[in-house]
Every structure is written in C-alpha cells, then in structure tokens.
Amino acid sequence: RDTKILDIGCGLGLWTCHLAKLGAEVWAIDISPQSVAVTRRRAQLNGLADRVHAGVMSATNLAFPDASFNLVHGQDIMHHVEADAFGKEVARVLVDDGTAVFSENSANNPVLMLARNQLCGRFGISKWGSDDEYPLTRAKRRQFATHFQNNRQAYPEFWFLFLFDAKLFHYKKPLVTKMCR
C-alpha cells in the first residue's frame, strides 16, 4: 500500500495487475500500443483501473519527474534496451531509497545458449523473439548497474527445462513433463 511502482515493458499487464492487487499504484509502460491496450483492459476486468495507469512510452526516455517511484519493475525488458540510457532513466525516476527489480533470461547460462544456438529454429522447434534479440549479457548488466550504488544478481529459478518441454514437446508427453519439473 502507498507504494508507487513503475512497470517497464508491461507486456500483457500480468505483473502490473498483480502488483496493483497487492495495493500498489502502478504506472505501466510499453512501446507497444497493443500491449498497453491489453494492460488497460486487464486492469479494468480485474477492478484495478483506479490503481493502474498504462501508457505508451520508451524505457530510455521516461516522461516522469525525478524521484517518482518507490519501485521500478521489469520482466524480460533489459535485454531489449540500451543499457546505459536505461540505467540512467531508472535511477532518475527512483526515490533515494527506491528499489529496481528485473527478471531476465541470461546469456551466462551455457545450457540456454546451447539450446538457443543449436535447437531453436531447427528440428521443428520454433524461435522465440526476433532475430535481433539476445539474452542479457554480463557486460550489459554491468553497464546498467553503474547507475546504482548497490546491486546484486540472483538466479532464483531455473526455467530452461520448463521451456524445453514447452517448445519441444508442448507438454504432450507426461513422462517428459514430469522429468522436466
């Protein structure tokens, strides 16, 4: 409650609405007008329209005053944007004791990179994302982090096997699904 959150790259508004349900006031941005429309509709259907403010905006040119948010959140957005400009903007809109939390796919994971380079786009396994998309690298993360006094990296969950089952078997092989879980 009484927390102002910026959800950058809100996509379909899942995190936006989850955070608003917890009592936060959430500003959700995305460069996709379609995603913003879905986020607004999701907020409306969940009775959250009074706590969700969604708009089309660039993550590297935020139209908010300095120190506007207690928390900045992003799911799979950092690898899409220029790290230095993004870090500068996130740091600018955070209050002094604010927190930024991002969840990303990582180019540091050799299993992920092997699958990405050798499996996706072959053997009937479709590619996710665009050709110019690349998982977050250490260098890009370090560049973003230069704008913050404190930062840490954690690997709380390993999603590769879940995604492997989704892409290759479409959850249609119960034994494989059980093993991957």
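A. Summary view of the overall build of the protein. Each helix and strand counted, the protein has seven helices and five strands in total. Of the regular secondary structure in the protein, the N- to C-terminal order runs β-α-β-α-β-β-α-β-α-α-α-α. Relative to its 181 residues, the protein shows a buried fraction of 38%. Considering only residue pairs separated by 6 or more positions, the protein has 67% of its internal contacts joining residues 24 or more positions apart.

B. Main features of the pairing of strand β4 (residues 69-75). With respect to burial, β4 is a largely interior element, five of its seven residues being buried. Where strand β1 (residues 4-8) meets β4, four bridges bridge the pair, whose relative direction is parallel. Its bridge partner lying in β4, D7 is registered against H73. As defined by bridge partners, β4 adjoins strand β5 (residues 94-103) across six bridges and the pair is classed as parallel. Note on β5: the bridge partner recorded for F69 is L94.

C. Quick look at the sheet that holds β4. What the five strands build is an open sheet, ordered β3-β2-β1-β4-β5; its pairing is parallel. At either margin of the open sheet sits one strand with a lone partner, and together these are β3 (52-56) and β5. Taken pair by pair, the neighbouring strands of this sheet meet at an average axis angle of 20 degrees, ignoring direction. Across the sheet, helix α2 (residues 33-45) touches β2 (25-30) and β3, and the angle it forms with β3 is around 170 degrees.

D. Structural view of the environment of D2. Inspection of the secondary structure puts D2 in the segment before β1. Judged by its relative accessible area of 79%, D2 is exposed. Placed 68 residues apart in sequence, D2 and N70 show a C-alpha to C-alpha distance of 9.3 Å. Sequence-distant contacts of D2, that is, excluding residues within four places in its chain, are made with G23 and N70.

E. Broad picture of a nonpolar patch on the surface. Together, L12, L14 and V38 give the surface a local cluster of nonpolar side chains, amounting to about 260 Å² of exposed area. Mapping L12 onto the fold places it in the loop between β1 and α1 (14-21).

F. A look at the pattern of salt bridges. Evaluation of the coordinates by the stated rule reveals three salt bridges. One salt bridge connects R92 with D66, and the closest N-O pair in it is separated by 2.8 Å. Pair noted here: R92 is in helix α3 (residues 83-93) and D66 is in the loop between β3 and β4, with a separation of 26 residues, a long-range link. Salt bridges linked by common partners bring D66, E89 and R92 together as one network.

Conventions adopted
Residues numbered from 1 in each chain as written. Predicted model: local features only at pLDDT ≥ 70, side-chain atom pairs only at ≥ 80, totals over all residues. Heavy atoms only, no water. Helix = DSSP H or I, 4+ residues; strand = E, 2+ residues; numbered from the N terminus. Buried < 20%, exposed > 50% of the residue type's maximum accessible area, 1.4 Å probe, protein only. Contact = heavy atoms within 4.5 Å. Pairing = 2+ DSSP bridges. Axes fitted to C-alpha atoms, helices over the stretch in contact; angles between N-to-C directions. Patch = residues over 30% accessible without salt bridge, like charges linked within 9 Å, V, L, I, M, F, W, Y side chains within 5 Å. Areas by Shrake-Rupley, 256 points an atom, 1.4 Å probe, with all protein chains shown as cover. Salt bridge = Lys/Arg side-chain N within 4 Å of Asp/Glu carboxyl O.

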